[in-house]
Amino acid sequence: MIPSLAVLRDLPLRASLPPELEARVRAFAAAANGPEAGRPSPAEGIELVEACALALDAESTRLTEQRFSLGDPMSLRQKQIAEPRRQADQLVGNLKQRLSGERGEWSRRAARQAADFQESLAKPTQVVEVSVTSDGGIEQRVQLSESWRVDFHGWWAASLETWAQHVVSLVEQKTATAIEGDLKALSGQLGRALEVPRTPLPTAGSILGPPLDLTSLEARFEVPGTMEVVFESFKGGLYAVAMISGMIIVPAATVLMNGQSPLLRAGVAAAAVIPAGVFAVRNGQKVRRQLIAAATEKNRDKLKRDLEALLKQRVERFKADAERFAHAYLAQRQQDVLGVIEPAIAATFDERERGLSSQLARTQLEGERIADLLGQLRQVKGGLTTQVLVDLRRLAAEQAARAK
């Protein structure tokens, strides 16, 4: 027996072979150590060594595939930790971006609501009723009438309350809709339900502002006193009486009476003064009422413009308060949501990291074990092909040479 056949004899001890092939190796090794007459030929040994080499190649292939199936520890960590964490962080970024977008949307939404409310003011302010009061002098004061002011106060308070309630309910609803998809995706990514508590909402009164005060809206104007207007009218009446008496009545009476008497003139003038005075009183009162009516209408228009300017200012103030309210809620909601999801993300991936550590260790050890087996198989196969196979081929060549 050639010395290198010990490698073939020890092969079942160093590598796993199919049962049939292992039996052949053991039988060949036993026969090679027996009587020379019963020893196998070199050709049989060559065939057996090549079969063993093929079996070792098959086992190496199997072990290599098994090693690849384990996966690279870094790739496994990337797949189970790093990539899911990146996706979770991206979802958190999307959530923040959506909440930031809601702030801009609320600015536009508040502007649209204010414009619609401003248009609705046209109807109640279309006819503004005023009242005129006087302290007894020539100065007149124009104010919104009590009945109109009370009615308008009721409409204003109800409308503003409705608007405020709409803002309060809508800001919560719109915010929940904006972040619902990202929260659901995060729950699926983390494999756990995310229970975010409800963010408390202030009452609608926090954006209503102070009550509307219309008592300060007033206008003042002056008209001549009654006596002044009557006197001016009376002076005009006296002038007309004098003209008519001097040019018509007195000359006509003189012709009829064939003479002129001072008493006649005085009587005609006296008779004309009384109706002139009565006319002056009535006309003066009428003129004064007309002056007051014209001034009242003019100042009513001024009060209406002042009222519209005041209401526009209050609407703009309410719009700004509603916008600040929405932005403050969105900021608080983002803080509350992040206060839940960020610790949940950290806890989830810390737990996965701890669970993966033992798996990575097992994978690493299994990979090293397979690598050792592959190295051993390469060594065994190298011994077969570089020693045993070469010796058997040389021995076969020598026997062939002797046979010639």
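Structural data are supplied above this passage.
Residues numbered from 1 in each chain as written. Predicted model: local features only at pLDDT ≥ 70, side-chain atom pairs only at ≥ 80, totals over all residues. Heavy atoms only, no water.

(A) Quick peek at the overall build of the chain. Tallying secondary structure elements over the chain gives eight helices and three strands in all. In the chain, the order of α-helices and β-strands from amino to carboxyl end is α-α-α-α-α-β-β-α-β-α-α. Counting all 404 residues of the chain, 35% fall into the buried class. If you take every contact in the chain between residues at least 6 apart in sequence, the share linking residues at least 24 apart comes to 84%. Looking at the chain as shown, the accessible area adds up to about 23,400 Å², and 57% of this sits on carbon and sulfur atoms. (Helix = DSSP H or I, 4+ residues; strand = E, 2+ residues; numbered from the N terminus. Buried < 20%, exposed > 50% of the residue type's maximum accessible area, 1.4 Å probe, protein only. Contact = heavy atoms within 4.5 Å. Areas by Shrake-Rupley, 256 points an atom, 1.4 Å probe, with all protein chains shown as cover.)

(B) The side chain of Arg-314, seen in detail. You can see Arg-314 is positioned in helix H8 (residues 262–403). Here Arg-314 is buried and forms no salt bridge, its nearest opposite-charge partner Asp-321 lying at an N-O distance of 7.6 Å. (Lys, Arg positive; Asp, Glu negative; His and termini not counted. Salt bridge = Lys/Arg side-chain N within 4 Å of Asp/Glu carboxyl O.)

(C) Layout of the side chain of Thr-348. Examined against the element boundaries, Thr-348 turns out to sit in helix H8. Sequence-distant contacts of Thr-348, defined by excluding residues within four places in its chain, comprise Leu-190 and Arg-192.

(D) Representation of the environment of Arg-362 within the structure. With respect to the helices and strands, Arg-362 occurs in helix H8. Spatially, the C-alpha atom of Arg-362 lies 9.7 Å from that of Leu-70, the residues being 292 residues apart in sequence.

(E) Layout of the pattern of salt bridges. Under the definition given, this model contains 17 salt bridges. Across the salt bridge formed by Arg-24 and Glu-47, the nearest N and O atoms sit 2.5 Å from each other. One end of the pair, Arg-24, is in helix H3 (residues 19–32); the other, Glu-47, is in helix H4 (residues 42–70), and 23 residues separate them in sequence. One salt bridge connects Arg-108 with Glu-105, and the closest N-O pair in it is separated by 3.0 Å. Within this pair, Arg-108 and its partner Glu-105 are both found in helix H5 (residues 73–120), separated by three residues, close to a single helical turn. Classification of Glu-105 by relative accessible area gives partly exposed; the value is 21%. Sharing partners across several salt bridges, the network here consists of Glu-105, Arg-108, Arg-109 and Arg-112.

(F) Geometry of the nonpolar core. Phe-152, Trp-156, Trp-163, Leu-186 and Ile-341 are the most contacted members of the largest nonpolar core, which has 51 residues in total. For this core, the secondary-structure elements that each account for two or more residues are H5, strand S2 (139–144), helix H6 (146–190) and H8. Per-element accounting of this core gives the leading share, 16 residues, to H8. Residue contacts for Ile-341: discarding those within four places in its chain leaves Val-92, Leu-183, Leu-186 and Leu-194. (Core = buried A, V, L, I, M, F, W, Y, C linked by side-chain atoms within 4.5 Å.)

(G) The arrangement of the packing of aromatic side chains in detail. Counted by the stated rule, this structure contains seven aromatic pairs. Here the aromatic rings of Phe-117 and Trp-156 are separated by 5.7 Å at their centres, their planes lie at 70°, and the arrangement is edge-to-face. One end of the pair, Phe-117, is in helix H5; the other, Trp-156, is in helix H6, with 39 residues separating them in the sequence. When the ring centre of Trp-106 is taken as origin, the NZ or CZ atom of Arg-109, which lies over that ring, is 4.6 Å away. (Phe/Tyr/Trp six-rings, centres within 6.5 Å; stacked < 30°, edge-to-face > 60°. Lys NZ or Arg CZ within 6 Å of the ring centre and 35° of its normal.)

(H) Expanded view of the environment of Lys-304. Inspection of the secondary structure assignment puts Lys-304 in helix H8. Considering only alpha carbons, one finds Lys-304 and Val-130, 174 residues apart in sequence, at a separation of 9.7 Å. Setting aside residues no more than four positions away along its own chain, Lys-304 makes contact with Thr-125, Gln-126 and Val-128.

(I) The arrangement of the packing of H3 against H4 in detail. The geometry of H3 relative to H4 is characterised by a closest axis approach of 11 Å and an angle of 145° between their N-to-C directions. For the pair H3 and H4, the crossing hand works out as left-handed. Residues Leu-21, Arg-24, Val-25 and Phe-28 of H3 form the contact with H4, whose own contacting residues are Glu-44, Gly-45, Glu-47, Leu-48, Ala-51, Cys-52 and Ala-55. Looking at the contact of H3 with H4 residue by residue, the classes come out as seven nonpolar, one polar and three charged. (Axes fitted to C-alpha atoms, helices over the stretch in contact; angles between N-to-C directions. Left-handed = near helix turned anticlockwise from the far one by under 90°. Nonpolar A, V, L, I, M, F, W, Y, C, P; charged D, E, K, R; others polar.)

(J) Seen up close, H4. For H4, which comprises 29 residues, the first-to-last C-alpha distance of 42 Å matches the rise-based estimate of 42 Å (1.5 Å per residue) to within 8%. Residues of H4 that are buried: Pro-42, Gly-45, Ile-46, Leu-48, Val-49, Cys-52, Ala-53, Ala-55, Leu-56, Glu-59, Ser-60 and Leu-63. (Expected span 1.5 Å × (residues − 1).)

(K) Fine view of the environment of Ala-396. Tracing the backbone shows Ala-396 in helix H8. What makes Ala-396 partly exposed here is its relative accessible area of 24%. Counting along the chain gives 354 residues from Ala-396 to Pro-42, while the straight-line C-alpha distance between them is 5.3 Å. If we skip the residues at most four places from it in the chain, Ala-396 touches Pro-42 and Ile-46.

Any functional reading would require information that these geometric values do not contain.
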